[in-house]
Amino acid sequence: MACSFSVTISSPLSKPKIPVSSNSKPANLHLKVSLPYEKRLNSRSLRIAKAISISNTELRTGPDDLVASILSKVTQTNGGVSLTKEGHKEVAQVAQELQKYCVEEPVKCPLIFGEWDVVYCSNPTSPGGGYRSAVGRLFFRTKEMIQAVEAPDTVRNKVSFTALGFLDGEVSLKGKLKALDEKWIQVIFEPPELKVGGLEFRYGGESEVKLQITYIDEKIRLGLGSRGSLFVFQRRINIVN
């Protein structure tokens, strides 16, 4: 709010140009100056303004902002391996907020189909097993982790890596997807297939995972494993030349 106030300045003048008597005293000039100024907000106004600002920020926070936030936290973290304990906590908090925006029946959502990069897991060994354990990472450097969900019920997982710093390899799983309810899915995988250099063979037996879809859109999919592991999948963009 702009206001004004008056200032009276009294200034002596030098010798006037008109004749005056010798006992005349210097005249005084009275100037009235009007200066604008801004009225300062009191502390109560500042508190109100701050509250309004915070409220508006919260109102602007939606799924797009949360998706951008969670991706910024997990990018370049080697699937979550390099994150601190506090970093994992922040990812979990954003994931919990995103659950509020999940569609009612994500299992039936056609957006689940496609190729996804596994960009984060709260438990490093959940995707890739022993290859992603603390010991495994000494010998195998993960290049990418991909999950493809194909209609109507096929899931393909692939972890590609470099072994011992010079051998390229990959381990892949093929599974059958089954919807348990509107949010939970079950996947039964065949024995894994390992390729290293020119070698290719299967080992082990079947495995089973259960996963709750807690959020899905065109960019990301969040999953919560039956043992509490949090997954962040980012949709792969296929560039066609």
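For the structure, see preceding data.
Residues numbered from 1 in each chain as written. Predicted model: local features only at pLDDT ≥ 70, side-chain atom pairs only at ≥ 80, totals over all residues. Heavy atoms only, no water.

Chemist: So what about the overall build of the protein? Which residues, and what values?
Modeler: Along the backbone of the protein there are four helices and twelve strands. Of all 241 residues assigned to the protein, the portion counted as buried reaches 31%. For the protein, long-range pairs separated by at least 24 residues make up 51% of all intrachain contacts whose partners lie at least 6 apart in sequence. (Helix = DSSP H or I, 4+ residues; strand = E, 2+ residues; numbered from the N terminus. Buried < 20%, exposed > 50% of the residue type's maximum accessible area, 1.4 Å probe, protein only. Contact = heavy atoms within 4.5 Å.)

Chemist: Give a description of a nonpolar patch on the surface that names residues and reports values.
Modeler: A surface patch of nonpolar side chains, amounting to about 590 Å² of accessible area, comprises Val-135, Leu-138, Phe-139, Leu-164 and Phe-166. Overall, the relative accessible area of 68% leaves Leu-138 in the exposed class. (Patch = residues over 30% accessible without salt bridge, like charges linked within 9 Å, V, L, I, M, F, W, Y side chains within 5 Å. Areas by Shrake-Rupley, 256 points an atom, 1.4 Å probe, with all protein chains shown as cover. Salt bridge = Lys/Arg side-chain N within 4 Å of Asp/Glu carboxyl O.)

Chemist: Kindly report on the pattern of salt bridges, identifying the contributing residues and their values.
Modeler: Evaluation of the coordinates by the stated rule reveals ten salt bridges. In this structure, Glu-105 and Lys-108 form a salt bridge, with 3.4 Å as the shortest nitrogen-oxygen distance. Residues Glu-144 and Arg-236 are paired through a salt bridge, measuring 3.6 Å at the closest nitrogen-oxygen approach. Residue Glu-144 is located in strand β4 (residues 140-150), and its partner Arg-236 is located in the segment after β12 (230-235); the two are separated by 92 residues in the primary sequence. A relative accessible area of 29% places Glu-144 in the partly exposed class.

Chemist: Requested: an account of the pairing of β12, with residues and values cited.
Modeler: Where strand β3 (residues 114-121) lies against β12, five bridges are found, and the strand directions are antiparallel. Note that in β12 the partner of Trp-116 across the bridge is Arg-235. With five bridges connecting them, strand β11 (residues 220-225) and β12 associate as antiparallel partners. Directly across from Leu-224, in β12, lies its bridge partner Leu-230. (Pairing = 2+ DSSP bridges.)

Chemist: An account of the environment of Val-81 is requested, with residue identities and associated values reported.
Modeler: Along the chain, Val-81 turns up in the loop between α2 (63-74) and α3 (85-98). Exposure remark for Val-81: the relative accessible area of 25% places this residue in the partly exposed category. For the pair Val-81 and Thr-125, spaced 44 residues apart in sequence, the C-alpha separation works out to 9.6 Å. Setting aside residues up to four positions removed in sequence, Val-81 forms contacts with Pro-124, Arg-132 and Arg-137.

Chemist: Quick rundown of the packing of aromatic side chains? Include the residues and the values.
Modeler: The final tally for this structure, using the stated rule, is three aromatic pairs. Centre to centre, the rings of Phe-231 and Phe-233 are 5.8 Å apart; their planes meet at 15 degrees, and the pair counts as stacked. Here Phe-231 matches Phe-233 in class, with each residue buried. Arg-221 extends its terminal NZ or CZ atom over the ring of Trp-116, reaching a point 4.9 Å from the ring centre. (Phe/Tyr/Trp six-rings, centres within 6.5 Å; stacked < 30°, edge-to-face > 60°. Lys NZ or Arg CZ within 6 Å of the ring centre and 35° of its normal.)

None of this, on its own, says anything about what the molecule does.
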